[in-house]
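Letter by letter, the chains look like this.
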Amino acid sequence: DVDALWTRFSIPLINYDLAIPMTAEEVRLLKSSSPDLSQLTTYKFKFCPSILNNSTQTVLLKIRNNGFLTSSFSMHFPNQKYLDLEAWCDEEEPTEELNRLISIIEELKVFSIEPTKGVLEPGESITLTLTYTHNSLKYGGLHNLPIIVKLDNGKSFYLDLQGHTLPGRQPS
C-alpha cells in the first residue's frame, strides 16, 4: 500500500512542512551562529523489519525543487561536523550515544544515502537512494541514524533513519 509506505517514511509530513513558509523560530535557528540542533523537527524514516542477512532494503526518493530559485541541500551524519570549529576550540568527549551512532556508521555500515548533497534548479529533480542492510544484531538489532538535512537559506531538519534486524529462525 503506497499510503502506508509514505506514512512509514514520513513523506506527507515532510512535504507539508516544506511547502509552508519558515516560522520565526526556524528563521532564528537559521541565523544563529551556534544553533541549538535539538530544536530541529525530526521525521522518522522507518525501514521494514527483516531477518538477519535478508536482502538490503533500498528506497528511491525523488525530490524536486518546486520553487523559483536555485536551491541546494546537504545531509550531515552524526560523525561529521555540522559547524566548522575554530582551531582554538576544544571539542567535547563523545557521549555514549554518539559512540553508538559512530559504530552504526563506521563499523556496522547498515545505512547509506546517495547523494548527500546537491544543487537543484527550479523544476529540477534528483533521486536519493537510501538503504538499510540487515547484517547486524548489535544493539538488539535496533539501529537508528539521525541525519541533519539542510536546505541552504532554508529549513533544516532531522531525518531519523530507523532499521530493525531480527534474528533468523534457530534450527530445531
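Please refer to the structure placed before this passage.
What you see is a predicted model; the values in this text were computed from it and never measured.

Caption draft 1: Representation of the overall build of the protein in the model. Tallying secondary structure elements over the protein gives four helices and nine strands in all. Secondary structure elements of the protein occur, N-terminal to C-terminal, as α-α-α-β-β-β-β-α-β-β-β-β-β. Per-residue burial for the protein yields a buried fraction of 33% across its 172 residues. Within the protein, contacts between residues at least 6 apart in sequence are counted, and of these 76% link residues at least 24 apart. With an accessible surface of roughly 11100 Å², the protein has 54% of that area assigned to carbon and sulfur atoms. Across the protein, the 15 positively charged side chains and the 21 negatively charged ones have centroids separated by 7 Å.

Caption draft 2: Representation of a nonpolar patch on the surface within the structure. The grouping of Val2, Leu5 and Trp6 at the surface amounts to a nonpolar patch, some 300 Å² of accessible area in total. Relative to the elements of secondary structure, Trp6 occurs in helix α1 (residues 2-8). Here Trp6 falls in the partly exposed class, since its relative accessible area comes to 42%.

Caption draft 3: Structural view of the pattern of salt bridges. In the structure shown here, the tally under the stated rule is five salt bridges. With a closest N to O distance of 3.9 Å, Lys150 and Asp152 form a salt bridge. Of the residues examined, Asp152 reaches a relative accessible area of 38% and is grouped as partly exposed.

Caption draft 4: Quick peek at the sheet that holds strand β7 (residues 125-132). Overall, antiparallel pairing links the three strands, which are arranged β3-β7-β5 in an open sheet. If you trace the sheet from one side to the other, it starts and ends with β3 (57-64) and β5 (111-114), each paired once. Averaged over all neighbouring strand pairs, the angle between strand axes comes to 15°, with direction disregarded.

Caption draft 5: Representation of the packing of aromatic side chains. Using the criterion set out here, one finds seven aromatic pairs in the structure. Between the aromatic rings of Phe9 and Phe45, the centroid separation amounts to 4.3 Å while the plane-to-plane angle is 20°, which identifies the pairing as stacked. One end of the pair, Phe9, is in the loop between α1 and α2 (11-19); the other, Phe45, is in strand β1 (residues 41-46), and 36 residues separate them in sequence. Judged by its relative accessible area of 9%, Phe9 is buried. Plain terms: the ring middles of Tyr43 and Phe157 are 5.3 Å apart, the flat faces sit at 85° to each other, and that makes the pair edge-to-face. In this pair, Tyr43 is assigned in strand β1 and Phe157 in strand β9 (residues 156-166), connecting sequence segments 114 residues apart. As far as the burial class goes, Tyr43 and Phe157 line up, both buried.

Caption draft 6: Main features of the environment of Thr165. If you trace the backbone, Thr165 turns up in strand β9. Separated by 155 residues in sequence, Thr165 and Ser10 place their C-alpha atoms 21 Å apart. The residues touching Thr165, leaving out its near neighbours within four places in the chain, are Ser50, Ile51, Leu52, Tyr132, Thr133, His134, Asn135, Ser136, Leu137, Gly140, Gly141 and His143. Here Tyr132 takes part through its side chain, which lies 2.8 Å from a polar atom of the side chain of Thr165. Polar contacts involving the side chain of Thr165 include one to the side chain of His134, which spans 3.3 Å.

Caption draft 7: Layout of the nonpolar core. Formed by 27 residues in total, the largest nonpolar core has its most connected members in Phe45, Phe47, Phe111, Leu130, Leu145, Leu159 and Leu161. Looking at which element gives the most residues to this core, the answer is helix α4 (residues 96-108), with four residues. Those residues in contact with Phe111, other than ones at most four positions away along the chain, are Phe47, Ile104, Thr131, Tyr132, His143, Asn144, Leu145, Leu161, Gln162 and Gly163.

Caption draft 8: Broad picture of the side chain of Ser136. Looking at where Ser136 falls in the secondary structure, it is placed in the loop between β7 and β8 (142-151). You can call Ser136 buried: its relative accessible area is 9%. A polar contact is formed between the side chain of Ser136 and the backbone nitrogen of Lys138, at a distance of 3.0 Å. Excluding anything up to four places from it in sequence, Ser136 contacts Leu52, Leu108, Gly141, His143 and Thr165.

Analysis parameters
Residues numbered from 1 in each chain as written. Predicted model: local features only at pLDDT ≥ 70, side-chain atom pairs only at ≥ 80, totals over all residues. Heavy atoms only, no water. Helix = DSSP H or I, 4+ residues; strand = E, 2+ residues; numbered from the N terminus. Buried < 20%, exposed > 50% of the residue type's maximum accessible area, 1.4 Å probe, protein only. Contact = heavy atoms within 4.5 Å. Areas by Shrake-Rupley, 256 points an atom, 1.4 Å probe, with all protein chains shown as cover. Lys, Arg positive; Asp, Glu negative; His and termini not counted. Charge placed at Lys NZ, Arg CZ, Asp CG, Glu CD. Patch = residues over 30% accessible without salt bridge, like charges linked within 9 Å, V, L, I, M, F, W, Y side chains within 5 Å. Salt bridge = Lys/Arg side-chain N within 4 Å of Asp/Glu carboxyl O. Pairing = 2+ DSSP bridges. Axes fitted to C-alpha atoms, helices over the stretch in contact; angles between N-to-C directions. Phe/Tyr/Trp six-rings, centres within 6.5 Å; stacked < 30°, edge-to-face > 60°. Polar contact = N/O pair within 3.5 Å; in protein donor to acceptor, adjacent residues only side chain to side chain. Core = buried A, V, L, I, M, F, W, Y, C linked by side-chain atoms within 4.5 Å.

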